[in-house]
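# Working through the structure, step by step
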Amino acid sequence: MIDANVIGEIRMLVEELKVSASDNNLSRKIEVGTLLSTYNWYLAEQVADVYRKVNEAEYDYKTAMVREINKGTGGYQNKEALAKELLADKYRELIATENLLKRLTLLYQQTNVVVEQNRQNCAYLRKENAG
């Protein structure tokens with residue numbers, strides 16, 4: 001579902017930026033920023049894939065609910081309760097996929113923040129080295 005290598009590479013590069021925050025190795029900071037941007041693009045693909053999976057899981061759950069309710073007997077609340085019980089695994093799958101989407105989205109957004117901060121830091125270092 002997700003490529004752990006992409007997340008691992010992002011984590012490693014962010015850690016490198018953290019450790020090297022006080023040094024002025026501009027060329028390495030530019031290289032790390034470029035790599036982070038590239039990995040973040042791959043992460044965006046994963047976010048899109050998981051978003052699609054969330055929609056599919058939600059559709060599967062809702063259509064299964066309607067089918068179960070329609071074939072049940074008794075009052076609506078009773079049919080709905082029985083349907084929810086029968087479809088607990090589908091609902092759990094939906095929630096797990098939504099949680100993954102949230103996690104990847106947050107990681108994607110925060111990686112953008114790190115890329116932007118690194119870009120600003122590189123601009124400052126260029127200016128400082130020029131002067």
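Before going into details, it helps to say that this report is about the structure given with it.

Rules behind the numbers
- Residues numbered from 1 in each chain as written.
- Predicted model: local features only at pLDDT ≥ 70, side-chain atom pairs only at ≥ 80, totals over all residues.
- Heavy atoms only, no water.
- Helix = DSSP H or I, 4+ residues; strand = E, 2+ residues; numbered from the N terminus.
- Polar contact = N/O pair within 3.5 Å; in protein donor to acceptor, adjacent residues only side chain to side chain.
- Phe/Tyr/Trp six-rings, centres within 6.5 Å; stacked < 30°, edge-to-face > 60°.
- Buried < 20%, exposed > 50% of the residue type's maximum accessible area, 1.4 Å probe, protein only.
- Core = buried A, V, L, I, M, F, W, Y, C linked by side-chain atoms within 4.5 Å.
- Contact = heavy atoms within 4.5 Å.
- Expected span 1.5 Å × (residues − 1).
- Arc of directions from axis to C-beta.
- Axes fitted to C-alpha atoms, helices over the stretch in contact; angles between N-to-C directions.
- Left-handed = near helix turned anticlockwise from the far one by under 90°.
- Nonpolar A, V, L, I, M, F, W, Y, C, P; charged D, E, K, R; others polar.

Within the secondary structure layout, Thr63 lies in helix H2 (residues 26-71). Measuring from C-alpha to C-alpha, the distance between Thr63 and Ile2 comes to 26 Å, with 61 residues separating the pair along the chain. Engagement of the side chain of Thr63 in a polar contact is seen with the backbone oxygen of Asp60, the distance being 3.2 Å.

What follows concerns the packing of aromatic side chains. As enumerated under the stated definition, the model contains two aromatic pairs in all. Geometrically, the ring pair formed by Trp41 and Tyr42 is edge-to-face, given 5.3 Å between the ring centres and 80° between the ring planes. By relative accessible area, Trp41 is classed as exposed at 51%. Taking the centre distance of 5.2 Å and the plane angle of 45° together, the rings of Tyr61 and Tyr91 count as tilted. Pair noted here: Tyr61 is in helix H2 and Tyr91 is in helix H4 (residues 88-130), with a separation of 30 residues, a long-range link.

So, on to the nonpolar core. Leu36, Leu43, Val50, Met65 and Leu104 are the most contacted members of the largest nonpolar core, which totals 23 residues. Listed by contribution, the elements that provide at least two residues to this core are helix H1 (4-19), H2 and H4. Considering every element that reaches this core, the biggest residue donor is H2, with eleven residues. The contacts of Leu36, once residues within four sequence positions are left out, are Ile10, Leu13, Val14, Leu17, Thr111, Val114 and Val115.

To continue, consider H1. Over its 16 residues, H1 runs 22 Å from end to end, which matches the ideal 22 Å to within 8%, given 1.5 Å per residue. Buried within H1 we find Val6, Ile7, Ile10, Leu13 and Leu17. In an axial view of H1, the angular spread of the buried residues amounts to 130°, which keeps them on one side of the axis. With respect to the buried face of H1, the exposed residues turned more than 90 degrees away are Ala4, Asn5, Arg11, Lys18 and Val19. In the core, the buried residues of H1 are packed alongside H2 and H4.

With that settled, the discussion passes to the packing of H1 against H4. With their axes 11 Å apart at the nearest point, H1 and H4 run at an angle of 35° to one another. Crossing handedness for the pair H1 and H4: left-handed. Mapping the contact onto sequence places Ile7, Ile10, Arg11, Val14 and Leu17 in H1 and Arg103, Leu104, Leu107, Thr111, Val114 and Asn118 in H4. Looking at side-chain class alone, the contact of H1 with H4 contains seven nonpolar, two polar and two charged residues.

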